[in-house]
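Below are the chains, spelled out letter by letter.
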Amino acid sequence: MDALPYVDWIEADEIDLLLVSHFHLDHSGALPWFLLKTTFKGRCFMTHATKAIYRWLLSDYIKVSNIATEQMLYTETDLEASMDKIETINFHEEKEVNGIKFWCYNAGHVLGAAMFMLEIAGVKVLYTGDFSRQEDRHLMAAEIPNVRPDVLITESTYGTNIHERREEREARFTGLVHDIVNRGGRCLIPVFALGRAQELLLILDEYWSNHPELHDIPIYYASSLAKKCMAVYQTYINAMNDRIRRQIAINNPFVFKHISNLKGIDQFEDVGPCVIMASPGMMQSGLSRELFESWCTDSKNGVIIAGYCVEGTLAKHILSEPEEITTMSGQKLPLKLSVDYISFSAHTDYQQTSEFIRALKPPHVVLVHGEQNEMGRLKAAIIREYEDDPDVQIEVHNPRNTQAIELYFRGEKMAKVMGSLAMHPPKEGLQLSGILVKRNFNYHILASSDLPKYTDMLMSTVTQRQSVYYSGAHGTLHYYLSQLSDDLELFEYQEKNAMRIFKAVTIIEEPNMVTLEWNASPINDMYADTILNVILQAENMDNPPKSVPVAMKLDRTHFKECLVEMLIDMFGDEAVNKVVKGERATVIVDGKKATINVLNLEVTCEDDEQLQQMVQTAVTKLHQSLYPVSLKTKT
């Protein structure tokens, strides 16, 4: 449990998506436990090659783990069950989970390694995982995405260190191996079972083929995974570089001529010079540790550390050339064999990382996967690189474990018009009315009738009914409601007297009660509240009127005559056209014309707003004085 990531800082059930960059144990070792023993309910993705190798690598880990069964995080059965929960993704294939779009690029590093680009609400984040921008014997270099990310999360394993050129590194490596076996020694190369081991096997097999004098000296690849993993490598030839794909047409480069598999130390006859590649790469335990302890006292022998080493491991310790080492049993042994370090680690160095950042120019760079000092040096170097460049603004972050980084982005939210609203092309000044639907991080505008077609939602109408005690005369209620609006319609509803007001609310008259009925909406609810207030006021009057005015029938001819006389009194005889044509009366004052619509009592005057307001007020008051109760009538 102590070796787990800081999983207690997260809520597993809140995670929608889990992306695994490659098969190395520091990136996938806890996956069966996380998928099966936590509350995680999301989806998990990795590439096809990663899933194939993950199965065998973790199976081997379970077998060689030197811990009690009750302390193991998971069993072989758990590993098998986790396979059903892992989905695969092809390079450049776009997928979407709960609004999170993602796709992956080749990362180099090891077979199947992927960099993931995620897009969440328009913000793009590129997570490199472990990657290498240098093509080697079998893997292509990491791709440079054609999409610029807003945030780049990148490894910083080697900080500001620079790797030596591949040709020089290979020549130095083969030269050291040749020197050790030439002097009659045993050459130990601690490696991880998968990844760099295959690269070194290709180099050694080719070197032995070109040097007949070495054919009698055996090379062993000591890994229980050798055959299974070679089958995977042979299956995924197309995921490798052009050199391997061309060679496979002639012969399989992973069928080695000069390398034999060695399952365990009990099958090894330790006589004479040899080369053994054994795991694990940092010699914490296992076959590489056993061989090292057996050979470290002989100066003819040699060990070549060919990959990255972390502090606290034997591989890191012997690089400081101590005089003695402590065995797993606690015994002290003198260290006499030669110790050399050649980095075949497929991680980016400073030059590769710098070029990668310069190609993408992300506004934010987050450094991860590195020791604190190396991360600090890399951050300082990147800042120095761009401090005098006014065209590039890059913020570099190197958070500690569990430290959150908050980044803020502002962007336009685009809504796509769909359905019947999109049938006609938009026009300048056209107002669009619809329902804004948000699905994950996408926005759509739809007509209400289209909701069932494009969403899981349905349209429904809520009819509201409210009954109110009312003991007064219904004629009195009619009068007060007619004062509220002239849009009042009387009709029968299920053999009961009823009214409709505002074309929205129906009022049903019953003995000692009235019932309001309307379709719920913000406006209709407001109408209903207003009507309810009128009913309650009418019910609670101390002295209700014994009679109410009778609605007068609107006589348009009489109204027109009164209107002309009023306008003459206001503006003079010459200003008013005494003949009302087409239900419109006109008055001209100082060359400015005001027109009165007799049907709806609207006054318009484009030249003088003050004149328009004056005439409008006069017309409205004339109408109210002639017809104090304006019931809707047919004329």
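None of the values given here were measured: they were computed from a predicted structure.

1. Points about helix H12 (residues 372-386)
What sets the pattern is the α-helix's 3.6 residues per turn: residues three or four places apart point alike.
No. 1: Along its 15 residues, H12 runs 22 Å from first to last C-alpha, staying within 8% of the 21 Å computed at 1.5 Å per residue.
No. 2: Those residues of H12 lying buried are Glu-374, Met-375, Leu-378, Ala-381, Ile-382 and Tyr-386. Buried positions in H12, seen along its axis, are confined to an arc of 130 degrees and lie on one side of it. In H12, the exposed residues that point more than 90 degrees away from the buried face are Gln-372, Asn-373 and Arg-384.
No. 3: Here the buried face of H12 lies against helix H11 (350-360), strand E17 (364-368) and strand E18 (395-397).

2. Observations concerning helix H6 (residues 196-209)
No. 1: With 14 residues, H6 should reach 20 Å at 1.5 Å per residue; the first-to-last C-alpha distance of 20 Å fits that figure.
No. 2: Buried within H6 are the following residues: Arg-196, Ala-197, Gln-198, Glu-199, Leu-200, Leu-201, Leu-202, Ile-203, Leu-204, Asp-205, Tyr-207 and Trp-208.

3. Here's the deal with the packing of helix H16 (residues 556-571) against helix H17 (residues 609-626)
No. 1: One can describe the packing of H16 onto H17 by two numbers: an axis separation of 11 Å at closest approach and a directional angle of 135 degrees. With respect to each other, H16 and H17 are oriented oblique. Relative to H17, the crossing made by H16 is right-handed. Taking contact as the criterion, the partners of His-558, Phe-559, Cys-562, Leu-563, Met-566, Leu-567, Met-570 and Phe-571 in H16 are, on H17, Leu-611, Met-614, Val-615, Ala-618, Val-619, Leu-622, His-623 and Leu-626.
No. 2: A per-class count over the contact of H16 with H17 returns 14 nonpolar, two polar and no charged.

4. Thoughts on the sheet that holds strand E23 (residues 488-493)
No. 1: Pairing is antiparallel in the open sheet, where five strands are placed in the order E22-E26-E25-E24-E23. Only two strands of the sheet have a single partner each, and these edge strands are strand E22 (463-469) and E23. The mean angle between the axes of side-by-side strands here comes to 25 degrees, regardless of whether they run parallel or antiparallel.
No. 2: In this fold helix H14 (residues 474-484) packs onto E23, strand E24 (496-501), strand E25 (505-510) and strand E26 (513-519), with an angle of close to 10 degrees to the strand it touches most, E24.
No. 3: Its contacts with the sheet put helix H15 (residues 522-539) on E22, E24, E25 and E26, and the angle it makes with E26 is roughly 170 degrees.

5. Comments concerning the environment of Gln-331
No. 1: Along the polypeptide, Gln-331 turns up in the loop between strand E14 (324-326) and strand E15 (332-334).
No. 2: Sequence spacing of Gln-331 and Glu-293 is 38 residues, and the spatial spacing of their C-alpha atoms is 10.0 Å.
No. 3: Once residues within four sequence positions are removed from consideration, Gln-331 is found in contact with Ile-325 and Thr-326.

6. Side note on the nonpolar core
Taken as a class, soluble globular proteins show a tendency for nonpolar side chains to be buried jointly.
No. 1: Within the largest apolar cluster, 87 residues are counted, with the highest numbers of intra-cluster contacts made by Phe-173 and Ile-189.
No. 2: It is H6 that provides the largest number of residues to this core, a total of eight residues.
No. 3: Those residues in contact with Ile-189 that lie beyond four places of it in its chain are Phe-173, Val-177, Leu-200, Leu-204, Val-275, Ile-276, Met-277, Ala-278, Ile-304 and Ala-306.
No. 4: Judged by nonpolar contacts, the second largest core, of 26 residues, contains Leu-287, Cys-309, Leu-314 and Leu-335.

7. Considerations on the confidence of the model for the chain
No. 1: For the chain, per-residue confidence averages 87 on the pLDDT scale, and residues scoring 70 or more make up 95% of the total.
No. 2: Confidence drops under a pLDDT of 50 for residues 629-635, and excluding neighbours within four residues, the segment shows 18 contacts in the predicted structure.

8. So, the pattern of salt bridges
No. 1: For the coordinates displayed, the defined rule picks out 24 salt bridges.
No. 2: The residue Glu-385 makes a salt bridge to Arg-358 at a minimum N-O spacing of 3.2 Å. Residue Glu-385 is found in helix H12, and its partner Arg-358 is found in helix H11; the two are separated by 27 residues along the sequence.
No. 3: Judged by relative accessible area, Glu-385 falls into the partly exposed class, the value being 25%.

9. With respect to the side chain of His-178
No. 1: Considering the arrangement of structural elements, one finds His-178 in helix H5 (residues 166-182).
No. 2: Discounting residues that sit within four places of it in the chain, His-178 has contacts with Tyr-207, His-211, Glu-213 and Leu-214.

10. Observations regarding the packing of aromatic side chains
No. 1: The tally for this structure, following the rule as stated, stands at eleven aromatic pairs.
No. 2: For the pair Phe-502 and Tyr-527, a centre-to-centre distance of 4.2 Å together with 10 degrees between the ring planes defines the contact as stacked. With Phe-502 in the loop between E24 and E25 and Tyr-527 in helix H15, this pair connects stretches of sequence that are 25 residues apart.
No. 3: Judged by relative accessible area, Tyr-527 falls into the partly exposed class, the value being 24%.
No. 4: An aromatic cluster of at least three residues, connected via ring pairs, comprises Tyr-220, Phe-268 and Trp-295.

11. Remarks on the pairing of E25
No. 1: Taken across its six residues, E25 has six buried, putting it largely inside the fold.
No. 2: Residue alternation in E25 divides its side chains into two sets, Val-505, Ile-507 and Glu-509 and Thr-506, Ile-508 and Glu-510, and both sets are buried.
No. 3: Two strands pair when backbone bridges link them, and E24 and E25 are joined in this way by four bridges, in the antiparallel orientation. Within the sheet, the bridge partner assigned to Ala-498 lies in E25 and is Ile-508.

Rules used in this analysis
- Residues numbered from 1 in each chain as written.
- Predicted model: local features only at pLDDT ≥ 70, side-chain atom pairs only at ≥ 80, totals over all residues.
- Heavy atoms only, no water.
- Helix = DSSP H or I, 4+ residues; strand = E, 2+ residues; numbered from the N terminus.
- Expected span 1.5 Å × (residues − 1).
- Buried < 20%, exposed > 50% of the residue type's maximum accessible area, 1.4 Å probe, protein only.
- Arc of directions from axis to C-beta.
- Contact = heavy atoms within 4.5 Å.
- Axes fitted to C-alpha atoms, helices over the stretch in contact; angles between N-to-C directions.
- Parallel < 35°, antiparallel > 145°, perpendicular 65-115°, else oblique.
- Left-handed = near helix turned anticlockwise from the far one by under 90°.
- Nonpolar A, V, L, I, M, F, W, Y, C, P; charged D, E, K, R; others polar.
- Pairing = 2+ DSSP bridges.
- Core = buried A, V, L, I, M, F, W, Y, C linked by side-chain atoms within 4.5 Å.
- pLDDT = per-residue confidence, 0-100.
- Salt bridge = Lys/Arg side-chain N within 4 Å of Asp/Glu carboxyl O.
- Phe/Tyr/Trp six-rings, centres within 6.5 Å; stacked < 30°, edge-to-face > 60°.

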